[in-house]
Amino acid sequence: MDRTTPSNAAHSGASHRFRAELRAWRTRQGLTQRALAERVRFSRETVAAVESGRRFGSHEFAVRCDEVLETGGCLAALWPQVAAEQLAADGRRGPRFLGAPSDPPVPPARRDARDPGAVVAAIDELRELIGQVLSAPPESGERPAGRGAGRS
């Protein structure tokens, strides 16, 4: 999930509105944090932490909550401003690329790291790729990396 917020970011504009909207929609639908968590496939702790401001959510979290709570996209619409606050709070400058030091990453297209929308899009793409890797079944005869791979 996303990083813990510093205390000053816990009271910021878009993040505060996102949390308030999430709680209002959840309670309007008569759902507990646990019930919402089960429906959006996140933990109850994540829902509680986002609502309390201890953590930022994610774009995926916002979209799933919009679908379950039938908000008409209210939470996802707030997401670009929340993401900008998250980036400022984390001190991040843009997406981080993982790879071998000898193989510098080659981004598909040049993005402006100062544009919150471009940064959010890059983060969402990375989350989607990670989700695909984690949910893909191993090919026959292969063991998942890190789980006994290379052992006899």
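Residues numbered from 1 in each chain as written. Predicted model: local features only at pLDDT ≥ 70, side-chain atom pairs only at ≥ 80, totals over all residues. Heavy atoms only, no water.

Residues and numbers for a nonpolar patch on the surface, please.
There is a patch of nonpolar side chains on the surface, built from Leu126, Ile130, Val133 and Leu134 and spanning about 410 Å² of accessible area. Its place among the elements puts Val133 in helix α6 (residues 116-135). For Val133, a relative accessible area of 62% corresponds to the exposed category. (Patch = residues over 30% accessible without salt bridge, like charges linked within 9 Å, V, L, I, M, F, W, Y side chains within 5 Å. Areas by Shrake-Rupley, 256 points an atom, 1.4 Å probe, with all protein chains shown as cover. Salt bridge = Lys/Arg side-chain N within 4 Å of Asp/Glu carboxyl O. Helix = DSSP H or I, 4+ residues; strand = E, 2+ residues; numbered from the N terminus. Buried < 20%, exposed > 50% of the residue type's maximum accessible area, 1.4 Å probe, protein only.)

Explain α6 to me, using residue names and the numbers behind them.
Look at α6: 28 Å from first C-alpha to last across 20 residues, which is about the 28 Å you get at 1.5 Å a residue. Three or more residues of α6 are buried, namely Ala118, Val119, Val120, Ala122 and Ile123. (Expected span 1.5 Å × (residues − 1).)

Pulling in residues and values, what's your account of the confidence of the model for the protein chain?
Counting all residues, the mean pLDDT for the protein chain is 75, and 66% of those residues have values of 70 or more. Note on residues 1-11: pLDDT is under 50 here. Beyond four places in sequence and across chains, it has 33 contacts. When the criterion is pLDDT under 50, residues 148-152 qualifies, and its contacts beyond four places in sequence or with other chains add up to four contacts. (pLDDT = per-residue confidence, 0-100. Contact = heavy atoms within 4.5 Å.)

An account of helix α3 (residues 44-52) is requested, with residue identities and associated values reported.
Among all positions of α3, only Thr46, Val47, Ala48, Ala49, Val50 and Glu51 are buried. For α3, the elements touching its buried residues are α1 (13-28), α2 (33-40) and α4 (59-69). Gly53 lies just past α3 and shows a positive phi near 90°.

Account for the pattern of salt bridges, naming residues and giving values.
Summed over all chains, the structure comprises four salt bridges. We note a salt bridge from Arg64 to Glu60, for which the minimum N-O separation is 2.3 Å. Taken together, the positions of Arg64 and Glu60, both in helix α4 and four residues apart, correspond to about one turn of that helix. Exposure remark for Arg64: the relative accessible area of 16% places this residue in the buried category. Taking relative accessible area as the criterion, Glu60 reaches 33% and is therefore assigned partly exposed. Salt bridges sharing common partners tie together Arg23, Arg26 and Glu51.

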